Amino acid sequence: MDKAQKTYIRLVSIMVLLCLDFICLLCFLGGGLFQDILNLISLNSDKLIEAEKNLYNMQYYLAFNMIYRFVFSFAILAVFIAFTAVLFRLSKAGRIAIIANLSSIATAVVVIVARLLEGNKSVHRKITNLFLGINGDDFVTMQALPKLLVVPIIIIILSLLCLAMVKSSKIEKIRLYNKANALSGTSIYMVAMYGYVGIDVLRNNLSYMIMNKKDLACMNSLNYLRTFYIDNNKILSLPISYILILIIGLGIITDKFLKKKIAGIISVLIPTLISIVIIVINIINKPVILGNVTTDLNICDMVDFAYFAFLANFLITCLYINLMLVYIISVRGNKTQMLILITINIILNLIGQIIAKNFSGIAIHFIMWSVADIISTIIVLILMINIHKYRKRKRREARESKD
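Because the structure is a prediction, the values reported are computed rather than measured.

Peer 1: Just give me the short version of the layout of surface pockets, but keep the residues and values in it.
Peer 2: There is about 1600 Å³ of room inside the largest pocket. Elements supplying a minimum of two residues to the lining of the largest pocket: helix H2 (33–42), helix H3 (55–87), helix H5 (121–132), helix H7 (185–212), helix H8 (216–230), helix H9 (240–257) and helix H11 (297–329). Top element by residues in the lining of the largest pocket is H7. It accounts for ten residues. For the lining of the largest pocket, the class distribution of residues is 29 nonpolar, 13 polar and five charged. Mapping the lining of the largest pocket onto the domain boundaries places at least three of its residues in each of domain 1 (1–179) and domain 2 (182–402). Considering the residues around the second largest pocket, the lining is formed by 16 residues, among which Lys260, Lys261, Val331, Met384 and His388 are closest to the centre. Residue assignment for the lining of the second largest pocket shows that the elements contributing at least two residues are helix H10 (260–284), H11 and helix H13 (363–402).

If you want it as structure tokens, here you go:
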């Protein structure tokens with residue numbers, strides 16, 4: 001077996017290990033691992049005994065949910081992009097594979113630590129005190145996570161094997177993975193991850209913090225909106241990393257097999273149509289809280305208006321992140337411009353949230369999300385048009401110089 005055959009086998013092994021890692025993360029852990037437990041507590045599920053539905057368990061799983069969602073999104077995005085980078089020979093595939101495996105290990109470690117500390121009342125008390133400043137009496141802990149930590153251990157083993165394969169394959173030195181004009185896996189990952197951090201972490205959390213500081217009616221409306229409309233909805237509660245995976249996968253596949261212009265159109269059209277279908281389905285199947293949760297008509301109206309504003313923003317946000325990734329993948333745009341644009345989006349949103357704080361209701365906050373996303377979408381479209389005109393002019397000048 002010559003050197004080329006050995007390298008090929010190692011590269012195939014990297015893809016197989018990344019694929020297995022992705023399946024374990026997506027199918028056996030999932031982004032809603034801790035959120036599902038929180039839903040059992042907050043929705044008064046009959047699957048739990050009453051003693052387990054206490055504030056200490058709620059805060060414990062809430063704290064780990066914040067950490068887990070963050071590292072899980074890093075991992076699931078990196079593993080997916082690393083697999084496609086190795087498969088389609090994108091530049092910096094080895095570097096993104098290393099990030100992917102380290103992120104997977106971190107995700108597995110969070111689950112293991114959460115499981116080991118699950119019955120520790122002292123940790124529950126410290127977390128509740130940190131979040132709410134409450135030191136309480138005795139309570140009953142839950143055993144909601146799987147007792148056997150088989151999946152996290154398998155993920156760690158797969159990741160360590162993959163890291164060894166990446167090192168032995170010397171993928172960073174292979175010429176096919178280092179073309180000067182090749183699409184970079186790290187460029188896609190940087191834009192996707194900063195988009196996730198900007199939209200799903202900073203923007204959402206800052207907005208919810210501002211909304212929580214409004215009057216009691218707004219606080220209750222936000223709680224009902226998130227609990228009964230969003231967090232309990234299998235589609236709307238999906239981590240934004242899943243949406244990014246769909247868009248990135250579609251973008252890379254169409255870019256590989258179709259002309260750039262057609263690839264860009266399809267990569268925008270299909271996710272947009274899917275978003276519209278999701279919105280229509282959720283409007284038709286809108287939950288009813290009047291009589292089921294509260295009889296306060298004012299709160300019901302606030303929740304209804306906010307729900308429609310949230311769905312409208314869902315479409316606009318999907319279009320915005322879609323265009324950003326199309327700009328990077330199909331248009332071969334500048335990733336620095338996209339990172340600056342995401343920063344501008346966060347700043348615009350923060351300004352919008354401060355303005356919205358002076359108005360009644362919570363729908364205005366989601367409208368401000370939409371305003372920030374529409375401005376960002378327009379900027380991406382302008383950048384696309386400008387780069388298209390620039391390249392068209394360069395081609396014309398090249399033809400004229402030949403003549």
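Peer 1: So what's going on with the side chain of Asn313? Residues and values would help.
Peer 2: Within the secondary structure layout, Asn313 lies in helix H11. Setting aside anything within four residues of it in sequence, one finds Asn313 in contact with Arg203, Phe366, Trp369, Ser370 and Asp373.

Peer 1: Help me get a handle on a positive patch on the surface, residues and values and all.
Peer 2: Together, Lys261, Arg391, Lys392, Arg393, Lys394, Arg395, Arg396 and Arg399 make up a positively charged patch on the protein surface. Here Arg396 lies in helix H13.

Peer 1: Explain helix H6 (residues 150–169) to me, and be specific about the residues and the numbers.
Peer 2: The first and last C-alpha atoms of H6 sit 28 Å apart over 20 residues, in line with the 28 Å expected at 1.5 Å per residue. For H6, the full list of buried residues reads Val151, Pro152, Ile155, Leu158, Ser159, Cys162, Val166 and Ser169. Considered in projection along H6, the buried side chains sweep an arc of 120 degrees and stay on one side of the axis. Among the structural elements, helix H1 (3–29) and helix H4 (93–116) are those in contact with the buried residues of H6. In the segment just after H6, Lys170 is the residue with positive phi, at about 55 degrees.

Peer 1: Hey, could you go over the packing of aromatic side chains for me, with residue numbers and the actual values?
Peer 2: In the structure shown here, the tally under the stated rule is 16 aromatic pairs. For the ring pair Tyr56 and Phe139, a centre distance of 4.3 Å and an interplane angle of 5 degrees mean the geometry is stacked. Taken together, the positions of Tyr56 in helix H3 and Phe139 in the loop between H5 and H6 put the pair 83 residues apart, joining distant regions of the chain. You'll find Tyr56 and Phe139 in the same group, each marked buried. When the centroid spacing of 4.7 Å and the interplanar angle of 55 degrees are considered together, the rings of Tyr229 and Tyr307 count as tilted. Of this pair, Tyr229 sits in helix H8 while Tyr307 is found in helix H11, placing the two residues 78 residues apart along the sequence. Tyr229 sits in the buried class, given a relative accessible area of 1%. Every member of this aromatic cluster is reached through a ring pair, and the members are Phe34, Tyr60, Tyr61, Phe64, Tyr68, Phe72 and Tyr242.

Peer 1: Describe a nonpolar patch on the surface, and please don't skip the residues or the numbers.
Peer 2: On the surface, a cluster of nonpolar side chains totalling about 790 Å² of accessible area is made up of Leu246, Ile265, Leu269, Ile270, Leu273, Ile274, Ile276, Val280 and Ile284. Top element by residues in the nonpolar patch is H10. It accounts for eight residues.

Peer 1: So what's going on with the packing of H3 against H5? Which residues, and what values?
Peer 2: Taken N-terminus to C-terminus, the directions of H3 and H5 make an angle of 80 degrees; their axes are 8 Å apart at the nearest point. On the basis of the axis angle, H3 is roughly perpendicular to H5. Here H3 contributes Leu55, Tyr56, Asn57, Gln59, Tyr60, Ala63, Phe64 and Met66 to the contact with H5, which in turn contributes Val123, His124, Arg125, Ile127, Thr128, Phe131 and Leu132. Among the residues making up the contact of H3 with H5, the classes are represented as ten nonpolar, four polar and one charged.

Peer 1: Got a sec to walk through the environment of Arg175? Specific residues and values, please.
Peer 2: Tracing the backbone through its elements, the reader meets Arg175 in the loop between H6 and H7. The exposed category is assigned to Arg175, whose relative accessible area is 77%. Sequence separation between Arg175 and Ile49 is 126 residues, and the spatial gap between their C-alpha atoms is 60 Å.

About the cut-offs
- Residues numbered from 1 in each chain as written.
- Predicted model: local features only at pLDDT ≥ 70, side-chain atom pairs only at ≥ 80, totals over all residues.
- Heavy atoms only, no water.
- 1 Å grid on protein atoms, 1.4 Å probe; cavity = no way out; pocket = protein on both sides within 12 Å on 5 of 7 lines; lining within 4 Å.
- Points joined across faces, edges and corners; volume = space filled by probe spheres on them.
- Helix = DSSP H or I, 4+ residues; strand = E, 2+ residues; numbered from the N terminus.
- Nonpolar A, V, L, I, M, F, W, Y, C, P; charged D, E, K, R; others polar.
- Domains from an automatic or database assignment.
- Contact = heavy atoms within 4.5 Å.
- Patch = residues over 30% accessible without salt bridge, like charges linked within 9 Å, V, L, I, M, F, W, Y side chains within 5 Å.
- Areas by Shrake-Rupley, 256 points an atom, 1.4 Å probe, with all protein chains shown as cover.
- Salt bridge = Lys/Arg side-chain N within 4 Å of Asp/Glu carboxyl O.
- Lys, Arg positive; Asp, Glu negative; His and termini not counted.
- Charge placed at Lys NZ, Arg CZ, Asp CG, Glu CD.
- Expected span 1.5 Å × (residues − 1).
- Buried < 20%, exposed > 50% of the residue type's maximum accessible area, 1.4 Å probe, protein only.
- Arc of directions from axis to C-beta.
- Phe/Tyr/Trp six-rings, centres within 6.5 Å; stacked < 30°, edge-to-face > 60°.
- Axes fitted to C-alpha atoms, helices over the stretch in contact; angles between N-to-C directions.
- Parallel < 35°, antiparallel > 145°, perpendicular 65-115°, else oblique.

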